[in-house]
Amino acid sequence: MLDSKHALRREAGFRIDAWLAAVDDVAPSEWKPIADIAELPAQARAESRYWCDQIFCPGANPYEAPCVTRAVRCGAGSAPDLLRHDYAAEGLLLHVIEGRNFLLVHVDRKSLDVPALPEGERAAAVSRVAQTIFRAPLSFCHCAPPDDGALFCTDACADPLLAASWAERAEGGVRRGELWFACYKRVSQLVGFWNPAQWFCDEGCGVRRAMRRAAPRRRSKR
Amino acid sequence: MNHTRARRRSAPAADERPREAERPATLALRAIAFPSSHHLLKACSDDVGWRYEPLPCPAPAWTPERHGPISHTMGEDLDVALTFELMKDGRRPEIVDLRGDGPAALRFARNAIRVANDVTLVQLKSGRPIPRRVAKVSLDIRWSAPSGEPVSPEQSENVAYVTMGRPEVDQAGFVQEDGVTLKRMDRAVSWVESLRTLRPHGIVRALMERFPYYSLRPSPKVPPKYRHPTYFNHEGGAWPMSDYVEESGECQAIVRLVRAILRQLGVPGEARTLLVWADPDVDGGRKALAAYWDEDPSAGLSRSRVVNGVRWIAALVDSPVEIGKEYPASHTIHDGGQPSPGINRYEACLEFTHDGVTRLYGGGAGIFRTRESVLRAFWGLIWVSPAPNDGFKVEEIVARYY
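Residues numbered from 1 in each chain as written. Chains lettered and ligands numbered in written order. Predicted model: local features only at pLDDT ≥ 70, side-chain atom pairs only at ≥ 80, totals over all residues. Heavy atoms only, no water.

A few points about the confidence of the model for chain B
For step 1, the next point in the chain: For chain B, the mean per-residue pLDDT works out to 92, and 94% of the residues sit at or above 70.
For step 2, the next point in the chain: The complex model carries a pTM of 0.89, and its ipTM stands at 0.87. (pLDDT = per-residue confidence, 0-100.)

The following block contains the structure:
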């Protein structure tokens with residue numbers, strides 16, 4: 001019988017695996033470069049900007065860094081819409097991939113090779129990078145010195161579906177020698193997340209806005 | 001105009017001089033201050049946007065070169081401190097009489113003012129209080145001297161923002177919305193002036209009606225620096241939302257703006273953001289639980305359990321659902337344009353108390369007398385389990401609210 005903590009850990013693990021896989025599954029040819037962020041649908045652009053401002057320190061924010069290259073992948077069916085920013089900031093090469101509900105940061109191995117560090121220095125290196133790029137003070141728990149395949153998070157008891165803020169829980173790990181972090185785009189009032197496949201859908205956004213106008217009126221009549 | 005006339009006559013022909021000497025000297029207005037005003041207005045001429053910057057507005061409020069704004073409480077007498085100089089262009093009496101006729105029958109009068117050699121300061125009080133309504137008033141006062149001296153200029157002009165009470169500013173500096181600036185005062189007065197009510201609950205109701213819905217998604221129409229929809233920024237907090245009403249904001253942001261307007265205008269009463277939810281483990285979801293957002297911004301429904309190895313999460317759903325059915329992520333748009341049910345942690349509303357009466361104003365969800373009635377903003381309380389693509393499956397309906 002699973003207890004609540006194990007069930008939460010398993011579910012969070014599935015979600016992160018799914019997000020990482022969704023990014024892995026994108027073939028290089030599927031990324032469509034965009035020269036100007038204005039090419040992105042306005043609603044998605046506003047959301048991306050908002051979350052990058054929320055999550056990143058100004059010096060590591062892809063909307064404030066110079067020379068950022070961007071690309072999008074428009075998901076088909078249930079595949080998520082994705083936005084990618086590649087840039088250098090704070091002495092690190094960063095690859096930031098956003099879905100509607102998550103923000104994934106890959107720290108290029110060329111700028112930090114965690115497995116190549118002595119075991120005793122790895123956790124501190126992870127912590128230093130987190131302090132450098134994230135606006136909130138994230139403290140990751142490491143059961144062992146981070147090695148390839150390691151997974152860690154800031155608070156295993158915080159529920160990603162119920163957190164009041166993105167800073168309540170962030171994930172991290174090392175894959176193929178590369179340090180990565182995942183942040184949840186949490187909206188305090190909601191349980192769970194938005195539909196990841198409707199991020200770039202302007203029509204959907206417009207209809208949703210109309211719905212939000214209408215819904216309270218329906219409620220007030222009752 | 002008299003001043004111009006006096007200057008034109010400053011070099012009279014020699015044969016005119018005796019008559020000129022008999023003409024009364026011009027009473028030249030040099031400055032006017034309003035001691036009974038609030039003296040809280042800041043950033044009158046600097047473009048600081050919606051931010052509070054403690055840049056004092058020029059004092060005195062009026063000089064011949066400068067006509068600054070003031071704010072004043074309604075129903076109180078308007079005090080004027082007027083400085084004048086008796087010019088040497090004519091006969092200089094030892095005493096003069098002074099009158100001022102302002103708007104809304106505001107009159108000022110003082111007789112037998114002893115004139116000093118250089119400048120004379122005289123205190124005047126309006127013969128009646130400022131009318132009891134929130135308003136932006138052109139405080140144009142026509143000045144005259146019944147004792148016969150021409151007054152120059154004949155009229156002083158200021159803008160007066162009339163408020164219900166003295167603005168509350170004890171949180172300026174650490175609450176973004178607190179503090180009186182010209183831009184904020186102007187907006188607050190313009191929104192409340194048109195309501196034509198002085199009932200605090202009436203004002204709150206009307207202000208909340210400007211926001212018939214709340215928004216949880218950043219709007220591309222609002223500049224990123226304002227951080228829509230949370231309006232957590234250093235640019236005046238929720239004040240910029242008054243420029244983007246159509247885009248609305250999170251309920252807590254709406255409440256912060258309404259509260260800021262009330263405090264700017266000294267409207268009595270207390271406004272706070274209240275989060276209301278229910279919990280399956282508390283009275284079967286029938287009892288309303290609540291917390292003030294400013295005391296606990298992470299409050300809300302946070303209940304999960306494991307059933308047969310599956311994690312269930314409690315949620316407040318905003319439209320009808322069926323047990324056993326899977327739904328896509330909250331507010332997914334179907335092909336027909338209809339949104340799917342949304343699952344929530346709480347309903348946020350403005351709790352306003354005045355004169356012993358408390359009401360809960362939901363962002364478009366109506367006005368409630370009790371916290372329990374706020375739950376009727378939802379269809380029900382349910383248990384859900386995660387489904388693919390951030391969807392959910394309804395496992396159990398705990399309570400229905402309508």
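Re the pairing of strand β14 (residues 304–307) of chain B
Remark: a regular strand shows side chains that alternate across the two faces of the sheet.
Residues and elements named next belong to chain B.
For step 1, the next point in the chain: Where β14 and strand β15 (residues 310–317) come together, four bridges link them in antiparallel fashion. Paired with Arg305 across the strands is Trp312, a residue of β15.
For step 2, the next point in the chain: As consecutive antiparallel partners, β14 and β15 are separated by two residues, and within that stretch Asn308 has a phi angle of approximately 50°, a positive value. (Pairing = 2+ DSSP bridges. Helix = DSSP H or I, 4+ residues; strand = E, 2+ residues; numbered from the N terminus.)

Some details on the sheet that holds strand β5 (residues 102–107) of chain A
Residues and elements named next belong to chain A.
For step 1, the next point in the chain: Reading across the sheet, the eight strands line up as β1-β2-β3-β4-β5-β8-β7-β6 and stay open at both edges, with antiparallel pairing between neighbours. In this open sheet, the two strands that pair with only one neighbour each are β1 (32–34) and β6 (151–153). The mean angle between the axes of side-by-side strands here comes to 20°, regardless of whether they run parallel or antiparallel.
For step 2, the next point in the chain: Note that β6 and strand β7 (residues 170–175) share three bridges and pair antiparallel. Within β7, the position partnered with Phe152 by the bridge is Gly172.
For step 3, the next point in the chain: Helix α1 (residues 4–24) rests against β2 (69–73), β3 (82–89), β4 (92–98), β5, β7 and β8 (178–184) of the sheet, and its axis sits at about 115° to β8.
For step 4, the next point in the chain: The strands touched by helix α2 (residues 42–55) are β3, β4, β5 and β8; relative to β3, the strand with the most contacts, the crossing angle is about 40°. (Axes fitted to C-alpha atoms, helices over the stretch in contact; angles between N-to-C directions. Contact = heavy atoms within 4.5 Å.)

Section: the pattern of salt bridges
For step 1, the next point in the chain: Inspection of the entire model under this criterion finds 35 salt bridges over all chains.
For step 2, the next point in the chain: Between Asp86(A) and Arg84(A) there is a salt bridge, and its shortest N-O distance comes to 3.0 Å.
For step 3, the next point in the chain: Look at the salt bridges and you will find they share partners, linking Glu11(A), Arg15(A), Asp159(A), Arg311(B) and Asp390(B) into a network. (Salt bridge = Lys/Arg side-chain N within 4 Å of Asp/Glu carboxyl O.)

Details of the interface of chain B and chain A
For step 1, the next point in the chain: Counting residues at the interface gives 54 residues for chain B and 50 residues for chain A.
For step 2, the next point in the chain: The junction of chain B with chain A conceals about 4,800 Å² of combined surface from both sides, 53% of it contributed by carbon and sulfur atoms.
For step 3, the next point in the chain: Here chain B is connected to chain A by four salt bridges.
For step 4, the next point in the chain: Here Arg15(A) ties to Asp390(B) by a salt bridge, and the two come within 3.7 Å at their closest N and O atoms.
For step 5, the next point in the chain: Where chain B touches chain A, the interface holds 14 residue pairs in polar contact (both at pLDDT 80 or more).
For step 6, the next point in the chain: Here the side of chain B that touches chain A takes four residues from β15(B), the largest share from any one element. (Buried area = accessible area lost by both parts, 1.4 Å probe. Polar contact = N/O pair within 3.5 Å; in protein donor to acceptor, adjacent residues only side chain to side chain.)

Here we look at the pairing of strand β11 (residues 155–163) of chain B
All names here are of chain B.
For step 1, the next point in the chain: With four bridges connecting them, strand β4 (residues 70–73) and β11 associate as parallel partners. Counterpart to Ser71 in the pairing with β11 is Tyr161.
For step 2, the next point in the chain: Relative to β11, strand β9 (residues 135–144) runs antiparallel, the two sharing eight bridges. Its bridge partner lying in β11, Leu139 is registered against Asn158.

Overview of the state of the cysteines
Residue and element names in this part refer to chain B.
For step 1, the next point in the chain: Under the counting rule described, the total for this entry stands at one disulfide over all chains.
For step 2, the next point in the chain: Residue Cys44 pairs covalently with Cys57 via a disulfide, S to S 1.8 Å. Linking Cys44 and Cys57, the disulfide has an S-S dihedral of approximately 85° and is accordingly described as right-handed. Of this pair, Cys44 sits in the loop between β1 (27–33) and β2 (62–63) while Cys57 is found in the loop between β1 and β2, placing the two residues 13 residues apart along the sequence.
For step 3, the next point in the chain: Looking at Cys44, the relative accessible area reads 18%, which means it is buried. (Disulfide = S-S within 2.5 Å. Buried < 20%, exposed > 50% of the residue type's maximum accessible area, 1.4 Å probe, protein only.)

With respect to the sheet that holds strand β18 (residues 347–354) of chain B
The strands that make up a sheet are held in pairs by hydrogen bonds between backbone atoms, and each pair lies either parallel or antiparallel.
All names here are of chain B.
For step 1, the next point in the chain: One open sheet holds the five strands; their spatial order is β13-β12-β18-β19-β20, and the pairing between them is antiparallel. Each having just a single partner strand, β13 (289–292) and β20 (366–368) make up the two edges of the open sheet. Here the strands of the sheet are splayed against their neighbours by 35° on average, with no regard to which way each runs.
For step 2, the next point in the chain: Where strand β19 (residues 357–362) meets β20, three bridges bridge the pair, whose relative direction is antiparallel. Within β20, the position partnered with Leu360 by the bridge is Phe368.
For step 3, the next point in the chain: Its contacts with the sheet put helix α4 (residues 200–209) on β18, β19 and β20, and the angle it makes with β19 is roughly 5°.
For step 4, the next point in the chain: Most of the contacts of helix α5 (residues 251–264) go to β18, to which it runs at about 20°, and overall it touches β12 (270–277) and β18.

Quick word on the side chain of Arg122(A)
Residue and element names in this part refer to chain A.
For step 1, the next point in the chain: With respect to the helices and strands, Arg122 occurs in helix α3 (residues 119–133).
For step 2, the next point in the chain: Here Pro115 takes part through its backbone oxygen, which lies 3.0 Å from a polar atom of the side chain of Arg122.
For step 3, the next point in the chain: Those residues in contact with Arg122, other than ones at most four positions away along the chain, are Val114, Pro115, Leu117, Pro146 and Asp147.

Observations concerning the packing of helix α3 (residues 182–193) of chain B against α5(B)
Residues and elements named next belong to chain B.
For step 1, the next point in the chain: It is the contact of α3 with α5, at a shortest axis distance of 9 Å, that shows an interaxial angle of 95°. One way to sum up the angle between α3 and α5 is to call them roughly perpendicular. Contact residues: Arg184, Met185, Ala188, Trp191 and Val192 in α3; Leu257, Ile261 and Gln264 in α5. (Parallel < 35°, antiparallel > 145°, perpendicular 65-115°, else oblique.)

Re the nonpolar core
For step 1, the next point in the chain: Phe56(A), Ile133(A), Phe134(A), Leu179(A), Phe181(A), Leu82(B) and Trp143(B) are the most contacted members of the largest nonpolar core, which has 147 residues in total.
For step 2, the next point in the chain: Counting 30 residues, the second largest nonpolar core, distinct from the first, contains Val23(A), Leu161(A), Tyr184(A) and Val384(B). (Core = buried A, V, L, I, M, F, W, Y, C linked by side-chain atoms within 4.5 Å.)

Some details on the packing of aromatic side chains
For step 1, the next point in the chain: Enumeration according to the criterion identifies 18 aromatic pairs over all chains in this entry.
For step 2, the next point in the chain: Within the aromatic cluster, the residues linked to one another by ring pairs are Phe56(A), Phe134(A), Phe140(A), Phe152(A), Trp166(A) and Phe181(A).
For step 3, the next point in the chain: Stacked on the ring of Phe193(A), the Lys or Arg Arg186(A) has its end atom at 6.0 Å from the ring centre.
For step 4, the next point in the chain: Across from the ring centre of Tyr292(B), 3.8 Å away, lies the NZ or CZ of Arg272(B), which sits over that ring. (Phe/Tyr/Trp six-rings, centres within 6.5 Å; stacked < 30°, edge-to-face > 60°. Lys NZ or Arg CZ within 6 Å of the ring centre and 35° of its normal.)

So, α4(B)
Residue and element names in this part refer to chain B.
For step 1, the next point in the chain: Across the 10 residues that make up α4, a large majority, eight, are buried.
For step 2, the next point in the chain: Among the residues of α4, those classed as buried are Pro200, His201, Gly202, Ile203, Val204, Ala206, Leu207 and Met208.
For step 3, the next point in the chain: Looking at the buried residues of α4, the elements they touch are α3, α5, β18 and β19.

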